[in-house]
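The lines below spell out each chain.
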Amino acid sequence: MDRQSRIRNFCIIAHIDHGKSTLADRLIQKSGLLTEREMQEQVLDNMDIERERGITIKAQAVRLIYKSSDDEEYILNLIDTPGHVDFNYEVSRSLAACEGAVLVVDAAQGVEAQTLANVYLALESSLEIVPVINKIDLPAADPDFVKKQIEDIIGIPAQDAPMVSAKASVNIEQVFNSVISDIKPPSGDEKGPLKALIFDSVYDAYKGVIVFIRVFDGKLVNKSTVRFMSNNKQFEVVETGVLGPGKFIPTEELLAGEVGYFTASIKNVQDTRIGDTVTEAGAPAVEPFPGYKKVNPMVYFGVFPADGSKYNDLRDALDKLKLNDASLFFEPETSAALGFGFRCGFLGLLHLEIVQERLEREYNLDLITTAPSVIYKMYLTDNTQIELSNPSDMPDVTRITNMEEPIVRAEIILPSDHIGAIMELCQERRGEYIEMVYLEETRARLVYELPLNEIIYDFFDVLKSRSRGYASFDYELIGYKESELVKLDILVNHEMVDALSFVVHKSKAYERGRKMAEKLKKEIPRHLFEIPIQASIGNKVIARETVSAMRKDVLAKCYGGDISRKRKLLEKQKEGKKRMRQIGNVEVPQAAFMSVLKLDEE
Amino acid sequence: MNQLGVYVHIPFCIKKCLYCDFNSYADKGRYKKEYINVLAGEIGSACFLSNYEIKSIFIGGGTPTCMDIGDISTILSKIKKHKILENAEITIEANPGTIDYIYLKELRQLGANRLSFGLQSASDRLLKILGRVHTYNDFLKSYDDAIKAGFENINVDLMFALPGQSLADWQDTLCKVSDLGATHISAYSLIIEDGAAFSSLYKKGELILPGEEEDRDMYFSAKYFLESKGYKLYEISNFAKKGYESGHNKIYWNCEEYAGFGLGAHSYINNKRYSNTEDFFKYLKDENKIVFEEILSQEESMEEFIFLGLRMACGIEIDKFGKKFGKGLFEVYGDKLINLISEGYISKNGGRIQLTEKGVYVSNTIFSELLC
């Protein structure tokens, strides 16, 4: 048997909680690489946030060695994938590094939305799908029904699918057998020029950037000079190796079909773009892998420390995060309402949330973020053009000749009975219908062109809820289109709050303004005086709410002279105010700035 | 010789009212004797009392009048080992229906010269909602007995903004109580305290309370009505006929010294505030009952001087602040105070500042502005 035919490169896809990480752990354990004691639960998900949310943010890989019943030794490379639309591109690159995917389905819950979305992605990358029914030990397990469901909904044979309990370690051997028998081995050209796909990279303080690759053709040899085909940067390889569970195992070279890593004293993670092709500088491949995209931030937010004195801490923390996150962008910003902070660019809302959570958790920062914005193009009367990512910088309307907003092509794959509801959603969001294709009798692909600013708030959440979770969603920026945009300002007690300004399509301004005013009314505590909250375009007020004046705030008597308690109550009241932001003579709680991010949730 | 007030806490009740979150118990009656012994011991060992003249004694609760008269006598006699001013105010809280003429007569003989009745409302319907043990008629009987027993200085505690209470209900109560001729009336709006039975009802939405505007109307109608009947609103929630302001309350509001005895009682002596445990059995058993003490910083003393002083209609004497703290009032609170004056929440008349009518019902907000 030749070398490559003993390799299988695969990933595991599953709905959240269907047992992806547990199965991965079990495979690692069964392959005998880790003893029981070394086995840390869920080896693949390294970050705290990943464990808590049960999602994988960064892709990771692990190499297993498995001795089959006929005594052949196989190398199984398991590549973990992130699971959210913000990271669709990263997922697609991880999938592109594999020949097959193990599909884990919960025996009690059956096929669920995320399962479908991920299966569709895998099918697009022409991967072999190996279904595995997990949690067969649950009392509610109904494996026969689930098998039928897989065949009906996904359209792949499932009668012989392994029935396992990853938790109880039942029938794990069968998963290995199916992977080996059903997934094709790699078939790269060992003698050809080096061609390897980058599916992830991380920054290490000692080694520089560690680049995770799948070698398709040729071989990557230690000390050779490699070139990244997207930017033509060249580096001398310092170390190559494979990925043992939780450790790097150096090797002299990586051959066609193998998955591993290399380091090359690369200082900047931005140089090692996911999806890029690595080749040998002296004998380069003719062309790179298709599908490479430079991932640019799509959504911009102002991020401010709740405590102004933490500005430098925030900057240091962002610097550190950027070491490992090539798609994070930031530059200093100043707000009259929120003080010094940064305008940050993210891939999407989840990316923002993850960065924000890491800043708060790992760096102990308390943050306020402003409403998201995309990049608008403004053509001015003096024949100049500006790119606007911060609503506060919007020029006066009289200086603008025309405006353009970014448009995405959105592909939504969904069961056919939800088509009506989702088409309606796309219409509401100013979408332009492009086409609809039935992929199967019960499954369709819907294509719309949508303004990006209509999907950055909550589109994904609404899509999920209106399709009862079954729709998958992918989008890519296709260009700019002329648009009638206005800047909506919020005035609190007649003072404009710059951090709450945003750019919106003229047809949506009234509704958004009204919702923001309503939301702020709920968030701003009553003061001794009445506080008008107004949404305005230019000088025209389009919505107004009023926070009524406080009419009663008296304490009961201090029984038995308990004055200390009373003083503390007053101090607490005072302390609460200190944490608020002063807009004119109104104290605005930090939560108010955040609440307008989630306007449509009610 | 310095003067102080003495507070004694009796944590027993016949039944816990639904709005009550004070440290009082309806289920610990069998420990009454033990409690009195411990309390008497606590008072007996308070040697510092001999450095003071006692100008006021207040026995509060709970329901002090659910104790045997002998127990009250034991406590008072312990206090009387120290110097008590001739005209000292000696108040005992009483719940209607827990006392009779004989009991009241004996109280009078023990030296009590002021009664504080917890009536809360003259409407039997509302008394029932509050979970009170008595009716309005029970109160009338007790009030009558008190007069007969020789009490002429009587406070009646009232509450407004009660669940299901209308402005007319409230005015009816005010009318009845003022017609009786009580010398002092306290009127507090109901506050839903976390520990009270009302709190869970309120959270479930089963307690419908008058709105803020109605609450305000009730407050101000009490002010105008009782003022027409010869009472003066001398503190945010307290009314008195001329000469009958509560001396004991004014000790707190004037930041004077007081010594508290009994479960959870607070003391303020020598610029130190401290309090006993609120744990009933710890109080009975532990030698050291003090669980909290703080020495007030100058800043804290200033804050208390302000927020307690401003509760009184007469407000704060600007010079007194200067003398007490060595810094002028406007030097410390300058802009904040000037703003509040210019916005009409505080007024400055001659040498004093007071809350205005506009400021009085949002006084907490005003006070918190004036913290350092």
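Just so it is clear, the structure is predicted and the values come from calculations on it, not from any experiment.

Visitor: What is the right way to look at a negative patch on the surface in this model?
Guide: Residues and elements named next belong to chain A. Taken together, the side chains of D307, D313, D316, D319 and D366 make up a negatively charged region of the molecular surface. Assignment of secondary structure puts D313 in helix α7 (residues 311-323). Assessed through its relative accessible area of 38%, D313 is described here as partly exposed.

Visitor: Sorry, what's going on with the pattern of salt bridges here?
Guide: Side-chain pairs of opposite charge can arise whenever the charged atoms involved come near each other. Tallied over the entire structure, the rule returns 47 salt bridges over all chains. Between K148 of chain A and D152 of chain A there is a salt bridge; the shortest N-O distance is 2.9 Å. Remark: D152 of chain A and K148 of chain A occur in helix α5 (residues 143-154); sequence separation between them is four residues, near one turn of the helix. Overall, K148 of chain A belongs to the partly exposed group, its relative accessible area being 49%. For D152 of chain A, a relative accessible area of 47% puts it in the partly exposed group. Here K481 of chain A ties to E432 of chain A by a salt bridge, and the two come within 3.0 Å at their closest N and O atoms. Taken together, the residues K481 of chain A in strand β25 (residues 472-482) and E432 of chain A in strand β23 (residues 432-440) connect sequence positions 49 residues apart. Given a relative accessible area of 42%, E432 of chain A falls into the partly exposed group. One salt-bridge network, in which partners are shared between bridges, spans R567, K568 and E571 of chain A together with R273, E294, E300 and E304 of chain B.

Visitor: In this structure, what is going on with helix α6 (residues 167-180) of chain B? I would like to understand it.
Guide: Because an α-helix completes one turn every 3.6 residues, residues spaced three or four positions apart along the sequence face the same direction. Residues and elements named next belong to chain B. Its 14 residues give α6 an end-to-end C-alpha distance of 20 Å, which sits within 8% of 20 Å, the value for a rise of 1.5 Å per residue. Burial in α6 covers these residues: D169, W170, T173, L174, V177 and S178. When α6 is viewed along its axis, its buried side chains cluster within an angular range of 155 degrees and face the same direction. Opposite the packed face of α6, turned more than 90 degrees from it, sit the exposed residues A168 and D179. Residues of α6 that are buried in the fold lie against β4 (114-120), α4 (124-130), β5 (154-160), β6 (184-189) and α8 (212-228).

Rules used throughout
- Residues numbered from 1 in each chain as written.
- Chains lettered and ligands numbered in written order.
- Predicted model: local features only at pLDDT ≥ 70, side-chain atom pairs only at ≥ 80, totals over all residues.
- Heavy atoms only, no water.
- Patch = residues over 30% accessible without salt bridge, like charges linked within 9 Å, V, L, I, M, F, W, Y side chains within 5 Å.
- Areas by Shrake-Rupley, 256 points an atom, 1.4 Å probe, with all protein chains shown as cover.
- Salt bridge = Lys/Arg side-chain N within 4 Å of Asp/Glu carboxyl O.
- Lys, Arg positive; Asp, Glu negative; His and termini not counted.
- Charge placed at Lys NZ, Arg CZ, Asp CG, Glu CD.
- Helix = DSSP H or I, 4+ residues; strand = E, 2+ residues; numbered from the N terminus.
- Buried < 20%, exposed > 50% of the residue type's maximum accessible area, 1.4 Å probe, protein only.
- Expected span 1.5 Å × (residues − 1).
- Arc of directions from axis to C-beta.
- Contact = heavy atoms within 4.5 Å.

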